[in-house]
Amino acid sequence: MSKCEQCIVREFSSLKALGKDELLKMAECKTSMQVKKGDIIFEEGENVNGVFCVKDGVCKMTKLSQNGKDQIVKLVKKGELLGQRSMISDEPANLSAVALEDMQVCFIPKSEIMGFFNQNNNFSMNVMKTICGDLKEADDILVGLAQKTVKERLAHTLLYLEETFGINPDKSLKLQLSREEIAGMIGTATESCIRLLSELKKENAIELVGKKIIITDRNKLLRIGN
C-alpha cells in the first residue's frame, strides 16, 4: 500500500492541509486503481460517494449537450481531485470523467473525506477554494464561447495544451487529443475543427504531422487567441 503522507500528489491538492495522522487514516481506507485510456471513471448523473485523487495521467471532464455531443469542460491532471463539488453539494456528478491516457487514481470514500472536512478548517477552505476556481473556469469558458470566434478559441486552446501539459522531444503537443476532442473543447463540429487547423497550418502558426500538432509560431497564436 502506497503511503499517502509520502505521495507527491498531496502537495498540489487540498490534501496538503491534512496532518500525518489524517493521511495515515486515509491510506487505510483508500482504494488504488489503474484506469486505462478511454475508460470512464464516473458518469454524469452518477452518485460518486467520494473523491478520486489523480496520481498520474490526464482525464477529460465532459458534459453531454442537447445535440448528443460531448463538450469538454475541463482537463484534469496529476495532483488534482475529482468529485469534490458533487460530494460537498450531496448531488450526483454534473460531469463525466474519462481517461485520456492510462491513469493511476486513488478513491477515498465520502465518509472519510467529510470527516476531514468537518474537523480540519484548512482542508475545508482548500476544498472550497478549488470549487470556486472551477466555477471561475466555467465562467471563463462561457464568456469565451460567447465572445470569441471558434478560430480564436482554437488558438487559445492549443496554447493552453502546450503550457499545461508540455511538448515531446519532436516539439509536438505532449497531450495528443483527437480532432473530435479538440472540437469538444472549443464547442464546434469536428469538421470545422479540422478546417481551422488546416487554416492555422497555412498561416504557418502550427505544423500537422499525422495526428500530432506542433506549434511553430506562438506569437501568431497569441495574436489570434487574445
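Residues numbered from 1 in each chain as written. Predicted model: local features only at pLDDT ≥ 70, side-chain atom pairs only at ≥ 80, totals over all residues. Heavy atoms only, no water.

- Under the annotation held in an unreviewed UniProt entry, the protein carries the name CRP-like cAMP-binding protein and is attributed to Flavobacterium arsenatis.

A word on the side chain of glutamine 84
Phase 1 of the analysis: With respect to the helices, strands and loops of the structure, glutamine 84 is situated in helix H2 (residues 84–89).
Phase 2 of the analysis: In this structure glutamine 84 comes out as buried when scored by relative accessible area, which is 5%.
Phase 3 of the analysis: Separated by 3.3 Å, the side chains of glutamine 84 and serine 14 make a polar contact.
Phase 4 of the analysis: What glutamine 84 contacts, discounting residues up to four positions off in sequence, is Ser14, Val51, Val127, Thr130 and Ile131. (Helix = DSSP H or I, 4+ residues; strand = E, 2+ residues; numbered from the N terminus. Buried < 20%, exposed > 50% of the residue type's maximum accessible area, 1.4 Å probe, protein only. Polar contact = N/O pair within 3.5 Å; in protein donor to acceptor, adjacent residues only side chain to side chain. Contact = heavy atoms within 4.5 Å.)

Looking at the UniProt feature "domain: Cyclic nucleotide-binding" (unreviewed entry) in the protein
Phase 1 of the analysis: With numbering matched to this structure, UniProt assigns "domain: Cyclic nucleotide-binding" (unreviewed entry) to residues 14–110.
Phase 2 of the analysis: Taken as a whole, residues 14–110 contains 18% helix and 42% strand, while its terminal C-alpha atoms sit 15 Å from one another. (UniProt positions renumbered as here; feature names shortened; annotations may be inferred.)

Here's the deal with unusual backbone geometry
Phase 1 of the analysis: At asparagine 49, a residue that is not glycine, the phi angle is positive and equals roughly 60°.
Phase 2 of the analysis: Residue position: asparagine 49 is located in the loop between strand S2 (40–42) and strand S3 (50–56).

Thoughts on the environment of methionine 185
Phase 1 of the analysis: On the secondary structure map, methionine 185 appears in helix H6 (residues 179–186).
Phase 2 of the analysis: On a C-alpha basis, the gap between methionine 185 and lysine 55 in space is 23 Å, while along the polypeptide they are 130 residues apart.
Phase 3 of the analysis: Setting aside anything within four residues of it in sequence, one finds methionine 185 in contact with Gln71, Ile72, Leu75, Thr157, Tyr160 and Leu177.

Observations regarding the layout of surface pockets
Phase 1 of the analysis: What the largest pocket holds in volume is close to 760 Å³.
Phase 2 of the analysis: Around the largest pocket, the lining is made up of 31 residues, and of these Val73, Lys74, Arg85, Leu95 and Asp134 lie nearest the centre.
Phase 3 of the analysis: If you list the elements that add at least two residues to the lining of the largest pocket, you get strand S4 (59–64), strand S5 (70–76), strand S6 (81–82), H2 and helix H4 (121–147).
Phase 4 of the analysis: Among the residues making up the lining of the largest pocket, the classes are represented as 15 nonpolar, 9 polar and 7 charged.
Phase 5 of the analysis: Taken as a whole, the second largest pocket spans an internal volume of roughly 570 Å³.
Phase 6 of the analysis: Around the second largest pocket, the lining is made up of 20 residues, and of these Val73, Glu137, Ile141, His156 and Tyr160 lie nearest the centre.
Phase 7 of the analysis: Counting only elements with at least two residues in the lining of the second largest pocket, the list comes to S5, H4, helix H5 (150–165) and H6.
Phase 8 of the analysis: A total of 6 residues in the lining of the second largest pocket trace back to one element, the largest contributor, which is H4. (1 Å grid on protein atoms, 1.4 Å probe; cavity = no way out; pocket = protein on both sides within 12 Å on 5 of 7 lines; lining within 4 Å. Points joined across faces, edges and corners; volume = space filled by probe spheres on them. Nonpolar A, V, L, I, M, F, W, Y, C, P; charged D, E, K, R; others polar.)

So, the side chain of glutamate 162
Phase 1 of the analysis: Among the structural elements, glutamate 162 can be located in helix H5.
Phase 2 of the analysis: Separated by 2.7 Å, the side chains of glutamate 162 and arginine 218 make a polar contact.

Comments concerning empty space enclosed by the protein
Over the atoms rolls a probe the size of a water molecule, and its path tells where empty space is left.
Phase 1 of the analysis: Following the criterion strictly, the structure yields 2 cavities of 30 Å³ or more and no others.
Phase 2 of the analysis: Its volume calculated, the largest cavity comes out at about 90 Å³.
Phase 3 of the analysis: Among the secondary structure elements, those contributing two or more residues to the lining of the largest cavity are helix H1 (20–29) and strand S8 (103–109).
Phase 4 of the analysis: Within the lining of the largest cavity, the residues separate by chemical class into 8 nonpolar, 1 polar and 2 charged.
Phase 5 of the analysis: The space that makes up the second largest cavity amounts to roughly 50 Å³.
Phase 6 of the analysis: Considering the residues around the second largest cavity, the lining is formed by Leu161, Leu173, Leu175, Gln176, Leu177, Ile182, Lys211, Lys212 and Ile213.
Phase 7 of the analysis: Taken together, the residues of the lining of the second largest cavity sort by class into 6 nonpolar, 1 polar and 2 charged.

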